[in-house]
Amino acid sequence: MTVSGAAAKNTRDPGRTRRVVIVGGGTAGWMTASYLAAAFGKRVDVTVVESATVGTIGVGEATFSDIRHFFEFLRLEESEWMPACNATYKLAVRFENWREPGHHFYHPFEQMASVDGFPLSDWWLRYPTTSRFDKDCFVMASLCDAERSPRYLDGSLVDQGFVEQTHDETSARSTIAEYQGAQIPYAYHFEAHLLAKFLTGYSTERGVKHVVDNVVDVALDDQGFISHVRTAEHGEIAGDLFVDCTGFRALLLNKALGEPFVSYQDTLPNDSAVALQVPLDMDRKPLRPCTTATAQDAGWIWTIPLISRIGTGYVYASDYATPEEAERVLREFVGPEAADVPANHIRMRIGRSRRSWVKNCVAVGLSSGFVEPLESTGIFFIHHAIEQMVKYFPSGRGDDLLREQYNRSVTHVMDGVREFLCLHYRGAKRVDNQYWKDTKTRVIPDALAERIEIWQHKVPDSESIYPHYHGLPPYSYNCILLGTGGIDVRHSPAVELADERAALAEFERIRLKAEKLVQELPTQNQYFAAMRANA
Ligand code: FAD
């Protein structure tokens, strides 16, 4: 691909943004196209240029709970898209062996209650009812252990008293693209390429143009804005706004516009992955309603149960393991089912573009930034980016303040997730080899170091303690701190002076609720088997 400078004149009235050209047709490209189609209909002309020869990354199957707002925004029911994408439900991330071999805990999509002004984590540290913080404080942990679906067999969603956390549908549609940061009780696993295919149909039915071709040149005008991209077989495609969804290549933002990339590698050294798509007989294997992250000698392995197969992969640091070692470990972990499955080796670019929106080019997806998928935040970044893009959609070229605001928001979220991931490694109790020993001395962001010091005197509180809250709720920090077990945290001294009866009653309420739901709800296998039988 080449970049042509200053020669091309943009002859179109630059005063209005009406033509959007998206380069790249992976998850980022098609999520952006479908979202823009839902937001603006045919008032904005959208074209997706997708290469037939350059593949997509081929992973990215576990999501974060905000993803439900995306499908709501597209006005899609689960019954319309889930079967087409072999999707399952996800209630949590299950962490295995981060503390010690055989130990597991969950980070669920469920806010933690507060009692008399203290979060349950404070109460639990003072009055632990069992050794499982996650089960004592969240209903979801028990549902995950029992492999339950969040829906009854008649399709109704379990009433878990989470109504206040769910996104009000009307407001989701009227507050165009407002990121609420709300935790809602579940997310999804899906096959990424099937979702891209589904969204291709959704978008093209709503007027999005689809060009299958390679972009070979990006032309800049005399002000350094992109005037058009040139394709191998379809000539020039001009636009007012260009969305770079070309993955780690970042052909428009980093290559053509020269925007620098800010690496997070010093704090998050995992830079490689090897992935396998393992066939699954749904009748024989449990469909756990969670993504599992199992700690390994040089990173961790993800396990994502889908209707059709299991998606699995080893995320590792190339300073501590070779690709051959990583593949061997992954194959041993999966067992004989993986024997004939080809491995997909991936080199990951960890960090973010300094600015994701420069002139008339916005990078969305891997081109904008990426951190290892330990908390399934890749698709969350995409969703957040396109919500913000619509929110700050420019009227024309002069909207510098809107661009700045957008960049501030994206930076804030990505840097925040980096910090949260760093906590997983610093917090992990295991120190059984050099990789895990180094996680205790490696540099971490200053803000995290400060917080860890505070948490050693009192665990994270409710939202208000976080003036620099980055999109992850404080209860998430509690889950990781108390689950990984390597940092010695304490409850507030004040809970010693408070009356504990209401807190103990809340633990009992959670226990009874979990017990009842485990009895009533079907397993995920039973739920999806019934859905298939009724289809
Ligand atoms: P890609 O999928 O790489 O797509 C790039 C597109 O650009 C392709 O369509 C390609 O054809 C096109 N293209 C490239 N060059 C040209 C050209 N010259 N002309 C035209 N088109 C071009 N996220 C999660 O949320 N959950 C997860 O569990 C998760 N797991 C992950 C595991 C790993 C190992 C990695 C690396 C990522 C993971 N992610 C995850 C992130 C997720 O995969 C990505 O965020 C998501 O797939 C978006 O990718 P993309 O569309 O930006 O890029």
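Just above sits the structure.
Just so it is clear, the structure is predicted and the values come from calculations on it, not from any experiment.

Looking at this model, I keep getting lost on the overall build of the chain. Mind explaining?
The number of helices and strands found in the chain is 17 helices and 24 strands. Burial status across the chain gives 60% buried among its 535 residues. A separation threshold of at least 6 residues defines the contact pool for the chain, and within that pool the share at least 24 residues apart is 77%. Carbon and sulfur atoms provide 51% of the accessible area of the chain, an area that totals close to 21100 Å².

What should I look at first to understand helix H10 (residues 323-334) in this one?
The α-helix winds at 3.6 residues per turn, so residues separated by three or four positions along the chain end up facing the same way. End to end, H10 covers 16 Å across twelve residues, agreeing with the expected 16 Å (1.5 Å per residue, within 8%). Taken together, the buried positions of H10 are occupied by Ala326, Leu330 and Val334. Across the axial projection of H10, the buried residues extend over an arc of 65 degrees, all falling on one side. H10 presents Glu324 and Glu332 as exposed residues on the side facing more than 90 degrees away from its buried surface. Residues of H10 that are buried in the fold lie against strand E16 (272-279), strand E18 (299-305) and strand E19 (309-316).

Mind showing me how you'd approach the pattern of salt bridges here?
Applying the stated criterion across every chain yields a total of 31 salt bridges. A salt bridge links Glu205 to Arg206; the shortest N-O distance between them is 3.7 Å. Overall, Glu205 belongs to the exposed group, its relative accessible area being 64%. In this structure, the salt-bridge partner of Glu520 is Lys516, at a minimum N-O distance of 3.0 Å. Of the two residues, Glu520 and Lys516 both sit in helix H16 (residues 501-520), four residues apart, roughly one turn of that helix. Note on Glu520: relative accessible area 35%, which makes it partly exposed. A residue is classified by how much of its surface remains accessible, and Lys516, at 49% relative accessible area, is partly exposed. Here the salt bridges do not stand alone but share partners, grouping Arg94, Glu96, Arg132, Asp134, Lys135, Asp145 and Arg288 into one network.

Sorry, what's going on with the sheet that holds E19 here?
Pairing between the strands of a sheet comes from backbone hydrogen bonds, and it takes one of two forms, parallel or antiparallel. Judged by pairing direction, the sheet is mixed, and its seven strands sit side by side in the order E6-E5-E17-E18-E19-E16-E20 without closing on themselves. Since the sheet does not close on itself, it has two edges, and those belong to strand E6 (104-108) and strand E20 (344-347), each with one partner. Averaged over all adjacent pairs, the angle separating strand axes in this sheet is 20 degrees, with direction ignored. Alignment of strand E5 (residues 92-96) against strand E17 (residues 290-296), held across five bridges, turns out to be parallel.

What is the right way to read the site of the ligand from this model?
Within the structure, the ligand sits among 35 residues, and Gly25, Val54, Ala62, Val215 and Ile379 are positioned closest to it. Interatomic distance of 2.5 Å between a backbone N/O atom of Val54 and an oxygen atom of the ligand. One nitrogen or oxygen atom from the main chain of Ala62 is found 2.6 Å from a nitrogen atom belonging to the ligand. In isolation the ligand offers 1000 Å² of accessible surface; the protein chains occlude 97% of this area.

Quick question: what am I supposed to make of the layout of surface pockets here?
Quantified by volume, the second largest pocket comes out at close to 630 Å³. Taken together, 26 residues form the lining of the second largest pocket, with Glu77, Glu78, Ser79, Met82 and Tyr89 sitting closest to its centre. For the lining of the second largest pocket, the secondary-structure elements that each account for two or more residues are helix H2 (67-73), helix H3 (78-81), helix H7 (169-174) and helix H17 (524-534). The greatest single-element share of the lining of the second largest pocket, amounting to four residues, is contributed by H17.

Would you mind going over the sheet that holds strand E15 (residues 261-263) with me for this structure?
Taken together, the three strands give an open sheet; going across it, the order is E15-E21-E24, and neighbouring strands pair in antiparallel fashion. Of all the strands in the sheet, the pair left with one neighbour each is E15 and strand E24 (369-370). Alignment of E15 against strand E21 (residues 351-353), held across three bridges, turns out to be antiparallel. Across the sheet, residue Ser263 finds its bridge partner in E21, namely Gly351.

Help me understand unusual backbone geometry in this model?
Most peptide bonds take the trans configuration, and most residues that are not glycine carry a negative phi. At Ala250, a position not held by glycine, the phi torsion is positive, near 45 degrees. Mapping Ala250 onto the fold places it in the loop between strand E14 (241-244) and helix H9 (251-256). Relative accessible area serves as the criterion here: at 0%, Ala250 is assigned to the buried category. In this structure, Lys359 takes a positive phi of about 50 degrees despite not being glycine. Looking at the element boundaries, Lys359 is found in the loop between strand E22 (357-358) and strand E23 (361-363).

Help me understand the packing of helix H1 (residues 27-40) against helix H8 (residues 192-205) in this model?
Each pair of packed helices can be described by the angle between their axes along with the distance between the axes. Relative to each other, H1 and H8 sit at 30 degrees, their axes nearing to 9 Å. When the axes of H1 and H8 are compared, the pair comes out roughly parallel. The interaxial crossing formed by H1 with H8 has left-handed handedness. Where H1 abuts H8, its residues Thr27, Trp30, Met31, Ala33, Ser34 and Ala38 lie against Ala192, Ala196, Leu199, Thr200, Tyr202 and Ser203. Within the contact of H1 with H8, the residues separate by chemical class into eight nonpolar, four polar and no charged.

Honestly, the nonpolar core in this entry has me stumped. Any pointers?
Soluble globular proteins tend to pack their nonpolar side chains together in the buried interior. Trp81, Trp98 and Val364 are the most contacted members of the largest nonpolar core, which totals 152 residues. Those residues within four positions of Val364 in sequence are excluded, and the remaining contacts are Ala28, Thr32, Val243, Asp244, Cys245, Ile382, Ala385, Ile386, Met389 and Tyr406.

Whenever I open this one, the state of the cysteines confuses me. Can you help?
Applying the stated criterion across every chain, the model contains zero disulfides. Looking at the unpaired Cys144, the closest cysteine sulfur is the one in Cys290, lying at 4.6 Å. There is no disulfide at Cys245, and the cysteine sulfur nearest it, in Cys361, is 9.4 Å away. Using a relative accessible area of 7% as the deciding quantity, one classes Cys245 as buried.

Can you walk me through the packing of helix H11 (residues 378-391) against helix H12 (residues 400-427) in this structure?
Closest axis-to-axis distance for the H11/H12 pair is 10 Å, and the angle between their directions is 165 degrees. Overall, the two elements H11 and H12 adopt an arrangement that is roughly antiparallel. Seen from above, H11 lies across H12 with right-handed handedness. Mapping the contact onto sequence places Phe380, Phe381, His384, Ala385, Gln388 and Met389 in H11 and Tyr406, Ser409, Val410, Val413, Met414 and Val417 in H12. Taken together, the residues of the contact of H11 with H12 sort by class into nine nonpolar, three polar and no charged.

Quick question: what am I supposed to make of the packing of aromatic side chains here?
Centre distance and the angle of the planes are the two values used to describe a pair of aromatic rings. All told, the structure shown has 35 aromatic pairs when counted by the stated rule. The interplanar angle of 85 degrees and the centroid separation of 5.4 Å between the aromatic rings of Trp98 and Trp436 together place this pair among those described as edge-to-face. In this pair, Trp98 is assigned in the loop between E5 and E6 and Trp436 in helix H13 (residues 434-438), connecting sequence segments 338 residues apart. Classification of Trp436 as buried rests on a relative accessible area of 0%. Aromatic side chains Phe133 and Phe138 sit 5.9 Å apart centroid to centroid with 85 degrees between the ring planes, which places their arrangement in the edge-to-face category. Phe138 gets classed as buried once you look at its relative accessible area, which sits at 0%. Aromatic ring contacts, followed pair by pair, group Tyr35, Phe70, Phe71, Phe73, Trp81, Tyr89, Tyr186, Tyr188, Phe190, Tyr527 and Phe528 into a single cluster. Its guanidinium or amino end placed over the ring of Tyr202, Arg206 lies 3.6 Å from that ring's centre, counting from NZ or CZ.

What counts as what
Residues numbered from 1 in each chain as written. Predicted model: local features only at pLDDT ≥ 70, side-chain atom pairs only at ≥ 80, totals over all residues. Heavy atoms only, no water. Helix = DSSP H or I, 4+ residues; strand = E, 2+ residues; numbered from the N terminus. Buried < 20%, exposed > 50% of the residue type's maximum accessible area, 1.4 Å probe, protein only. Contact = heavy atoms within 4.5 Å. Areas by Shrake-Rupley, 256 points an atom, 1.4 Å probe, with all protein chains shown as cover. Expected span 1.5 Å × (residues − 1). Arc of directions from axis to C-beta. Salt bridge = Lys/Arg side-chain N within 4 Å of Asp/Glu carboxyl O. Pairing = 2+ DSSP bridges. Axes fitted to C-alpha atoms, helices over the stretch in contact; angles between N-to-C directions. Near = heavy atom within 4 Å. Polar contact = N/O pair within 3.5 Å; in protein donor to acceptor, adjacent residues only side chain to side chain. 1 Å grid on protein atoms, 1.4 Å probe; cavity = no way out; pocket = protein on both sides within 12 Å on 5 of 7 lines; lining within 4 Å. Points joined across faces, edges and corners; volume = space filled by probe spheres on them. Parallel < 35°, antiparallel > 145°, perpendicular 65-115°, else oblique. Left-handed = near helix turned anticlockwise from the far one by under 90°. Nonpolar A, V, L, I, M, F, W, Y, C, P; charged D, E, K, R; others polar. Core = buried A, V, L, I, M, F, W, Y, C linked by side-chain atoms within 4.5 Å. Disulfide = S-S within 2.5 Å. Phe/Tyr/Trp six-rings, centres within 6.5 Å; stacked < 30°, edge-to-face > 60°. Lys NZ or Arg CZ within 6 Å of the ring centre and 35° of its normal.

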